[in-house]
Amino acid sequence: MPEVRFEIRWPDQSVESCYSPSTVILQYLESGKDYPLADFVSRCDSALSEASERVRARYGYACSAASDQKEHINRQAAEQPAGSVHILRINS
């Protein structure tokens, strides 16, 4: 499956590289856009769940990397000040 890496800037201005095992993330996030923190988390939860299910449909098992990325995003978001997440770039 084609993997996608996307680079984000959190509300605290830290930058992080994230991973999706599927291009489905491109339906949820757009490079150069800002997303309110809660919206970003919701979009990532949906996209990474869908990506994991695509892996399951193709290979017979869910993608643990997608699950790990989802959990990491949720943990990081809980530590952020109010604000928006900026999508710096998406590499597919």
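Our subject is the structure that appears above.
Conventions used here
- Residues numbered from 1 in each chain as written.
- Predicted model: local features only at pLDDT ≥ 70, side-chain atom pairs only at ≥ 80, totals over all residues.
- Heavy atoms only, no water.
- Helix = DSSP H or I, 4+ residues; strand = E, 2+ residues; numbered from the N terminus.
- Rg over C-alpha atoms; globule rule 2.2 N^0.38 Å.
- Buried < 20%, exposed > 50% of the residue type's maximum accessible area, 1.4 Å probe, protein only.
- Pairing = 2+ DSSP bridges.
- Salt bridge = Lys/Arg side-chain N within 4 Å of Asp/Glu carboxyl O.
- Axes fitted to C-alpha atoms, helices over the stretch in contact; angles between N-to-C directions.
- Parallel < 35°, antiparallel > 145°, perpendicular 65-115°, else oblique.
- Contact = heavy atoms within 4.5 Å.
- Nonpolar A, V, L, I, M, F, W, Y, C, P; charged D, E, K, R; others polar.

### Observations regarding the overall build of the chain
- Per the secondary structure count, the chain includes two helices and four strands.
- Its C-alpha radius of gyration of 13 Å places the chain within 12% of the 12 Å reference for a compact globule of 92 residues.
- Seen along its three principal axes, the alpha-carbon backbone of the chain occupies a region of about 40 × 25 × 15 Å.
- Within the chain, the proportion of its 92 residues that are buried is 37%.

### Describing the pairing of strand β1 (residues 4–9)
- Only one face of β1 is covered, namely the face carrying Val4, Phe6 and Ile8; the face carrying Arg5, Glu7 and Arg9 is uncovered.
- Pairing of β1 with strand β2 (residues 15–20), which is carried by six bridges, proceeds in the antiparallel orientation. Bridge pairing in β2 links arginine 9 to valine 15.
- In this antiparallel pair of consecutive strands, β1 and β2, the connection spans five residues, and glutamine 13 shows a positive phi of 80°.
- With five bridges connecting them, β1 and strand β4 (residues 84–91) associate as antiparallel partners. When the sheet's bridge partners are listed, glutamate 7 is paired in β4 with arginine 89.

### Section: the pattern of salt bridges
- Inspection of every chain in the model, using the stated rule, returns five salt bridges.
- Here arginine 5 makes a salt bridge to glutamate 3, at a shortest N to O gap of 3.8 Å.
- Under the relative-accessibility criterion, arginine 5 is labelled partly exposed at 40%.
- Residue classification places glutamate 3 among the partly exposed positions, given a relative accessible area of 40%.
- With a shortest N-O distance of 2.9 Å, glutamate 7 and arginine 89 are connected by a salt bridge. With a gap of 82 residues between them, glutamate 7 in strand β1 and arginine 89 in strand β4 connect regions that are remote in the sequence.
- Since its relative accessible area comes to 41%, arginine 89 is described here as partly exposed.

### Brief notes about the packing of helix α1 (residues 37–59) against helix α2 (residues 64–78)
- It is at 9 Å that the axes of α1 and α2 come closest, and there the two elements cross at 170°. Our classification of the angle between α1 and α2 gives roughly antiparallel. Two secondary-structure elements touch here, α1 through Leu37, Phe40, Val41, Cys44, Asp45, Leu48, Ser49 and Ser52 and α2 through Ala66, Gln69, Lys70, Ile73, Asn74 and Ala77.
- Looking at the contact of α1 with α2, its residues break down into eight nonpolar, four polar and two charged.

By themselves, these are just geometric observations and shouldn't be taken as functional.
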